[in-house]
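Here's the letter readout for the chains.
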Amino acid sequence: MNCALLAIIANKTKLFIDGMPKNKRKKKGQFFTSMETAKFMAELFDLTLLPEHVSILDPGTGSGILSAAIIERLNETHAVKSIHLTCYETDPEIQPLLRDNLAIIKQMSDIPVDYDLITDNYILTQQHDFEGTLLADSSAHKYDLIISNPPYLRILRDEADALAMPTVVHGAPNLYFLFASMSLFNLRPGSEMVYIIPRSWTSGLYFQRFRKYLLTDGKLMHIHLFLSRDTVFKDEEVLQETMIIKVRKTSETPKSVFVTSSRNNSDFDNVSAISVPYSSVVSGKDFYVFLPTCSEEMDVINKIHFYEKTLPEEGLRMRTGIVVDFRQWDELRKGPGEHIVPLFYSQHIRNGRVHHDPSGKDYDWIVDKKPGLIQRNKNYVFCKRFTAKEEHRRLQCGIYLADDFPEYTFIGTQNKINYVEPTDGSDMDKPTAYGIYALLNSTLFDRYYRVLNGSTQVNSTEVNSIPVPPVRIIKQIGEKIIASGDLTTQACDNIVMEMAYE
């Protein structure tokens, strides 16, 4: 076979992209795969157990570059006698290019290729099969290989695609994980699918049902991480961190997962690789997926998992700030006064403590008349919910002491901060507050959170899932921090490692 096939499809794709405005593609959730990424994805498949007559599925085909990549690789094996390719693509603007490219693939392949181009909705055409309704087709076709760069598009929970797959939908759905779920259903047992998707599914409540389905009926075999956020889809302005996964449809858990990483989507000649125990990648009843890229990050996971109980199980919980300021204009104030209390923003968290000097916001105060917008003035640990991607730390915390604001019975917290308090709503003593701060401010916990979550948002649900030392040890850590008077990360690192891990 002429190895120019993939290059031809890639060049034709580039011409299409150049003629289609970015904002128009973004509205469709349409981001095109580079030639280098397509080739890398195709090379991940284990082709040793393929039958002579291979069926391939490429849902959300786009220009057909992934189909070209896998067929080009199959032509190198000399063990396959025929290929049947099924493509789903609903966008009428790219269908003419896809038809031309499929004809080129058929013409240039040394192995006979026939194909179906289905222009109906991939999810809706199979919803009854997936959910097992009375209209399900028990003889639905299964595929030997599935490869996809699905649409990345958040949809409303009452849209048809979301309503079609209640098994995997909770909260705000995104088309990419609906596609991945349906593809696992479409796989033949023992076969593999390779997907390039955002990293957001690996943790959090919204993706819990999807993770449970994917990692119960399938198993992760290979994960590839891109260490540079902005270069996975060149010129496409994709801000989410993106990953490639290979999933095998099996109930048998492998001993390990192969985790590779590269700086960007064109540097696959310089790939770092580690083999990670499966239990260290997929963990807990929530099926969280951890993504270590080196032995140091594996050590972080092992240290945190030394403990089994979480903050809520130790009587503490991180919650999200209450006040959505742009919705509460009538209650906000520019200065103090009668029945007015401080409103705290993330800008008030500095150097390990919480202050209430001017934040740079127009309104640093809120009236105390609505109980749902205020909370008791007591000891907390505040944590920023959002950080910039270039910042060194994700967990940026500060100790809030009620004694610093004795004139107030209540305070307000803007919802771009999280706060830790006892689960029963009682007061938290100072040693416990300082101990929680030391844990969250330590390098160990910050690195663990980065391995768990690739986004710049600190999710309270995820923090509440992190194993922590018993409260008695947390208090001892806090007492040492108080005695030292040092709230720096270095001091927290030294005391946490001394008290909790020696």
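These numbers were taken from a predicted model, which means no experiment stands behind them.

Asker: So what's going on with the overall build of the protein chain? Which residues, and what values?
Answerer: A count of helical and extended segments in the protein chain gives 16 helices and 22 strands. If one aligns the C-alpha atoms of the protein chain with their principal axes, the spans along those axes are about 80 × 50 × 45 Å. Put simply, the protein chain has 502 residues, and 56% of those count as buried. Contacts spanning at least 24 positions in sequence make up 77% of the contacts within the protein chain whose residues lie at least 6 apart.

Asker: Break down the nonpolar core for me, citing the residues and quoting the values.
Answerer: Most often, soluble globular proteins have nonpolar side chains that are buried together. Judged by nonpolar contacts, the single largest core of 134 residues is most densely connected at L74, W201, L220, I223 and I245. Considering every element that reaches this core, the biggest residue donor is helix α8 (residues 175-186), with 9 residues. Excluding residues within four positions of it along the chain, W201 makes contact with Y176, F207, F210, R211, L214, L215, L220, M243, I245 and V289. In this structure, L332, L373, I374 and I411 belong to the second largest nonpolar core, which totals 22 residues.

Asker: So what's going on with the sheet that holds strand β15 (residues 349-350)? Residues and values would help.
Answerer: Read across the open sheet, the 6 strands follow the order β12-β22-β19-β20-β16-β15; overall the sheet is mixed. Of all strands in the sheet, those with a lone pairing partner are β12 (316-320) and β15, marking the two edges. In terms of strand pairing, strand β19 (residues 380-384) meets strand β20 (residues 397-400) through 4 bridges, oriented antiparallel. Counted as the bridge partner of F382 is G398 from β20. Contacting β12, β16 (352-354), β19, β20 and β22 (417-422), helix α12 (residues 430-441) runs over the sheet at an angle of about 175° to β20.

Asker: I'd like to hear about the packing of helix α1 (residues 5-18) against helix α5 (residues 95-108), residue by residue, with values.
Answerer: One can describe the packing of α1 onto α5 by two numbers: an axis separation of 10 Å at closest approach and a directional angle of 170°. If you check the angle between α1 and α5, you find them roughly antiparallel. Counted together, L5, I8, I9, K12, T13 and F16 of α1 and L97, D100, N101, I104, I105 and M108 of α5 form the full contact between these two elements. Split by residue class, the contact of α1 with α5 holds 8 nonpolar, 2 polar and 2 charged.

Procedures and definitions
- Residues numbered from 1 in each chain as written.
- Predicted model: local features only at pLDDT ≥ 70, side-chain atom pairs only at ≥ 80, totals over all residues.
- Heavy atoms only, no water.
- Helix = DSSP H or I, 4+ residues; strand = E, 2+ residues; numbered from the N terminus.
- Buried < 20%, exposed > 50% of the residue type's maximum accessible area, 1.4 Å probe, protein only.
- Contact = heavy atoms within 4.5 Å.
- Core = buried A, V, L, I, M, F, W, Y, C linked by side-chain atoms within 4.5 Å.
- Pairing = 2+ DSSP bridges.
- Axes fitted to C-alpha atoms, helices over the stretch in contact; angles between N-to-C directions.
- Parallel < 35°, antiparallel > 145°, perpendicular 65-115°, else oblique.
- Nonpolar A, V, L, I, M, F, W, Y, C, P; charged D, E, K, R; others polar.

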